[in-house]
Amino acid sequence: MGRHSLPDARSAGARRARSPRRRTVTIAAAVVVSVAAGTGIAAGSGLLSLSETSCDNTPVRLDLVASPDIAPALRAVADRARRDHVTSDGRCIDIRVTARENAEVANTLATSSVAPDYQIWVPDSDLWVERATGAGDGVALTPAGNVALSPVALAALPTSAQALGWPAKTYTWAALAAATGNTDTVRLGAADPSRSATGLLALSSIAESERLESERQGGDPRQTGAGQGGADGKQGADGRTKTEDQEGAGGTRAAATARLLTQRVSESDSRVLESLARDDAGAGLNDPRSNEAVLLSEQAAFRHNSENGGSAKLDLFYPTDGAPALDYPYSLVNQSALSTDESRAAMRFMALLSEDSSYRTLAEHGFRVANTPVHDDVLLTAGGRSPQPYTGADARPPSAEAVERALGLWTMSVRSARLTTVVDASGSMEESVPGRGGQSRMDVTKASLLRVLAQFTAEDELGLWEFSTRLDGAKDYRKLEKTAPLGEPAKGGGTHRERLSDAFTALKPVPDGDTGLYDTALASYREARASYVPGKFNALIILTDGSNKDDDSVSRGKLVEQLKELADPERPVPLIGVAVGPDADRKELDAIARATGGAAYEVSDPADIQSVILRAIMLSASESAADATADTTAARP
């Protein structure tokens, strides 16, 4: 057998692809069921013609935007449908496929109130659907199933793969990150996790793998780093407590991997392949600018190996704790604006993608399809070989919270943060949170903020204000801790992190205090703008469980007007609003935030504040992070 041969112990020919364990999509699962069921009923009753006949009328034209990796396969199916006169209700379907970067499409759909120029979207992951629909203010998406699968793995050039023990040696995600964490051993690259589902799923898997490994060992997930906290929750040398660290975004390995990748990151999945050494010997491996291994999908490795021969081919490591899969969701865009013919034609094309001829086309392009056989040729060409667990049990995808934490970790690795946190201390924060054992809104908010604090490094700057009404004389607000680097020595000993932790812990609701939101937002934003630090992600975070109740404050209209005057695109300071509980007015908070280029988010349970803040930071900073990545790439010799 050759280097890429599969052992005889495995059955030859086709192998069954794994069914993706679907991530939770914001749109209700019932919609998916109803759309899929509607397709079957329509097909059975003749509403959707499944026969291939000549066209009687003008074709139904639909535009489909797809992830660049799957666009060629979808285009091939669409071209065949035109040639074969595939119809819906007696009219030919004419699907035109365009490739666009997933992150750009998701961000546009999330923020635009104008219907786009396409009716179908097929990104490479449900992560983009979640980003596009998460705030609930963008273009509506109706999920209709999944087109294909491709596991995420680590691909290495042969010499580096052999140095890591391929194919005999297998690793968990955490162990694989540790093995490739030294650039003197293997130079590891990836696509920007804020713009690549592959990069994000891999980084989330590393963090989750380390967390689970630590739980099995009964230890602290950051034990390998400096400043371990004790069992009593006391702070270590870096000012973090053991409890905070255990609830963080993963351990030191994930953080170290993120820091490493910021030095070798590519702006897109296609560019990460361009970062590989041109050959596996001599000058190729000696070039410090090139990578020897990359975080990559199986399909991307298949395409690369199909186009490159000899020493440029890649070998794949499939982690033993599971390779999460890109799952290529198929969504109708702004379905309510589609005609009946357009909706049925869109579903007809989805049905066509489920036919054997389309499965063969997808396989020819290196994709798997759920619950259908996967031919050895796909695995062999991609670089899979036993005993690597390429056909093992499904990986459980990282949870939404794990993904958000990883995004926050990545954003803070790319660029240090400068954040001022403003917390509502009105009397309503004393109300109990259902299901929290009598804890008040303030109690749960404080615990969540302490977990947020644990995510930041000594170079990040954080500060704290509180607000109510008439809190400091006529002022509705009071500054508790200045915004300063967390590692900065504090007066009287300790660090700014420790002082801030104490300040969070000491927060208390003001009896009979009301919500002086408007004056507080204006004052805190003025200071955040005046103290802007270039080169960092600057933002103001306001948490409130109510709406403005200070009749003597600036009006909402005047507040929005003044915030717009203060905002400077060249020195951005987005206001991130977090509306906590049933009495908060997210729309009011969102109108205020958007005047600065920010946005507001809603949480029903204060315990969710941590994940929402990290997600908001990621979304607000993604453009800045992309700019930083581009600057870093351009600066490389």
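Summary of the structure given here. In this text the structure is predicted, and so the values were computed from the model without any measurement.

**Some points on the overall build of the protein chain**
Piece 1. When helices and strands are counted, the protein chain shows 22 helices and 20 strands.
Piece 2. For the protein chain, with 637 residues in total, the buried portion stands at 56%.
Piece 3. Summarising the internal contacts of the protein chain: among those between residues at least 6 apart in sequence, 80% fall at separations of at least 24.
Piece 4. For the protein chain, the accessible area works out to roughly 25,200 Å², and carbon and sulfur atoms hold 48% of it.

**Description of the packing of aromatic side chains**
Piece 1. Within the structure shown, the criterion is met by four aromatic pairs.
Piece 2. Seen from their ring centres, Tyr318 and Tyr390 are 6.0 Å apart, and the 65° between their planes marks the pair as edge-to-face. With a gap of 72 residues between them, Tyr318 in the loop between strand E11 (315-317) and strand E12 (325-326) and Tyr390 in the loop between helix H15 (376-382) and helix H16 (400-414) connect regions that are remote in the sequence. For the pair formed by Tyr318 and Tyr390, the shared burial category is buried.

**As for the packing of helix H20 (residues 556-566) against helix H21 (residues 586-594)**
Piece 1. Where H20 contacts H21, the axes come no closer than 8 Å and their chain directions differ by 30°. The angle between H20 and H21 places the two elements in the roughly parallel class. Where H20 approaches H21, its residues Arg556, Leu559, Val560 and Leu563 are matched on the opposing element by Glu588, Ala591 and Ile592.
Piece 2. Considered class by class, the residues forming the contact of H20 with H21 number five nonpolar, no polar and two charged.

**Side note on the environment of Ala599**
Piece 1. Looking at the secondary structure, you find Ala599 in strand E20 (residues 599-603).
Piece 2. The class for Ala599 is buried, based on a relative accessible area of 13%.
Piece 3. When the C-alpha atoms of Ala599 and Ile576 are compared, they prove to be 5.5 Å apart, with 23 residues separating the residues in sequence.
Piece 4. Not counting residues within four places of it along the chain, the set of residues in contact with Ala599 comprises Leu575, Ile576, Gly577, Asp590, Ala593 and Arg594.

**Description of the pattern of salt bridges**
When their charged atoms lie close together, side chains carrying opposite charge are able to pair.
Piece 1. For the structure on display, the rule yields 31 salt bridges.
Piece 2. Here Glu461 makes a salt bridge to Arg418, at a shortest N to O gap of 2.2 Å. Residue Glu461 is found in strand E16 (residues 461-472), and its partner Arg418 is found in strand E15 (residues 417-424); the two are separated by 43 residues along the sequence. Of the two residues, Glu461 and Arg418, both sit in the buried class.
Piece 3. The partner of Lys482 in a salt bridge is Glu488, with the nearest N and O atoms 3.2 Å apart.
Piece 4. By relative accessible area, Lys482 is classed as partly exposed at 48%.

**What about the sheet that holds E16?**
Piece 1. The strand order E17-E16-E15-E18-E19-E20 describes an open sheet built from six strands, whose pairing is mixed. Each edge of the open sheet carries a strand with a single partner, namely strand E17 (475-485) and E20. Strand after strand, the sheet turns through a mean of 20° between neighbouring axes, direction not considered.
Piece 2. Inspection of the sheet shows E15 paired to E16 by seven bridges, in the parallel sense. When the sheet's bridge partners are listed, Thr420 is paired in E16 with Gly463.
Piece 3. Lying over the sheet, helix H17 (residues 441-453) contacts E15, E16 and strand E18 (537-544), oriented at roughly 175° with respect to E15.
Piece 4. Across the face of the sheet, helix H18 (residues 496-506) comes into contact with E16 and E17 while running at roughly 150° to E17.

**Examining the environment of Leu64**
Piece 1. Relative to the assigned elements, Leu64 resides in strand E2 (residues 60-66).
Piece 2. By relative accessible area, which is 0% here, Leu64 ends up buried.
Piece 3. With 54 residues separating them in the primary sequence, Leu64 and Tyr118 have C-alpha atoms 5.8 Å apart.
Piece 4. Filtering out sequence-adjacent residues up to four positions away, Leu64 remains in contact with Leu74, Ile95, Arg96, Val97, Thr98, Ile120, Val122, Tyr330 and Phe349.

**A short note on the nonpolar core**
When a protein is soluble and globular, its nonpolar side chains tend to lie buried together.
Piece 1. Counting 82 residues, the largest nonpolar core has Leu64, Ile70, Trp121, Val122, Val147, Tyr330 and Phe349 as its most contacted members.
Piece 2. It is helix H7 (residues 197-217) that provides the largest number of residues to this core, a total of seven residues.

**Observations concerning the side chain of Thr361**
Piece 1. By the secondary structure assignment, Thr361 is in helix H14 (residues 356-364).
Piece 2. Contacts of Thr361, omitting those with residues within four sequence positions, involve Ala73, Ala76, Val77 and Arg80.

**Remarks on the sheet that holds strand E6 (residues 141-146)**
Piece 1. On the basis of which strands lie adjacent, the open sheet formed by six strands has the order E3-E4-E2-E5-E13-E6 and mixed pairing. What marks the edges here is a single partner per strand, and that holds for strand E3 (87-88) and E6.
Piece 2. Examined bridge by bridge, strand E5 (residues 120-122) and strand E13 (residues 329-333) share two bridges and lie antiparallel to one another. Bridge assignment links Ile120 to a residue of E13, and that residue is Leu332.
Piece 3. In the packing of helix H2 (residues 71-83) onto the sheet, contacts are made with E2, strand E4 (91-99) and E5, and the angle to E4 comes to roughly 160°.
Piece 4. Contacts from helix H13 (residues 340-352) reach E2, E3, E4, E5, E6 and E13 within the one sheet, and its direction differs from that of E2 by about 55°.

**Here we look at H17**
Count 3.6 residues to each turn of an α-helix, and residues three or four apart come out pointing the same way.
Piece 1. Across its 13 residues, H17 extends 18 Å between first and last C-alpha, which sits within 8% of the 18 Å expected from 1.5 Å per residue.
Piece 2. Counting buried residues in H17 gives eleven out of 13 residues, a clear majority hidden from the surface.
Piece 3. Taken residue by residue, H17 has Arg441, Met442, Val444, Thr445, Lys446, Ser448, Leu449, Leu450, Arg451, Val452 and Leu453 as its buried positions.

**Remarks on the packing of helix H3 (residues 102-111) against helix H4 (residues 126-133)**
Piece 1. The N-to-C vectors of H3 and H4 enclose an angle of 25°; their axes lie 7 Å apart at closest approach. In terms of their interaxial angle, H3 and H4 are classed as roughly parallel. The handedness of the crossing between H3 and H4 comes out as right-handed. On the side of H3, the interface is formed by Asn102, Ala103, Ala106, Asn107, Leu109 and Ala110, while H4 contributes Trp128, Arg131 and Ala132.
Piece 2. Residues of the contact of H3 with H4, tallied by class, amount to six nonpolar, two polar and one charged.

Definitions and cut-offs
Residues numbered from 1 in each chain as written. Predicted model: local features only at pLDDT ≥ 70, side-chain atom pairs only at ≥ 80, totals over all residues. Heavy atoms only, no water. Helix = DSSP H or I, 4+ residues; strand = E, 2+ residues; numbered from the N terminus. Buried < 20%, exposed > 50% of the residue type's maximum accessible area, 1.4 Å probe, protein only. Contact = heavy atoms within 4.5 Å. Areas by Shrake-Rupley, 256 points an atom, 1.4 Å probe, with all protein chains shown as cover. Phe/Tyr/Trp six-rings, centres within 6.5 Å; stacked < 30°, edge-to-face > 60°. Axes fitted to C-alpha atoms, helices over the stretch in contact; angles between N-to-C directions. Parallel < 35°, antiparallel > 145°, perpendicular 65-115°, else oblique. Nonpolar A, V, L, I, M, F, W, Y, C, P; charged D, E, K, R; others polar. Salt bridge = Lys/Arg side-chain N within 4 Å of Asp/Glu carboxyl O. Pairing = 2+ DSSP bridges. Core = buried A, V, L, I, M, F, W, Y, C linked by side-chain atoms within 4.5 Å. Expected span 1.5 Å × (residues − 1). Left-handed = near helix turned anticlockwise from the far one by under 90°.

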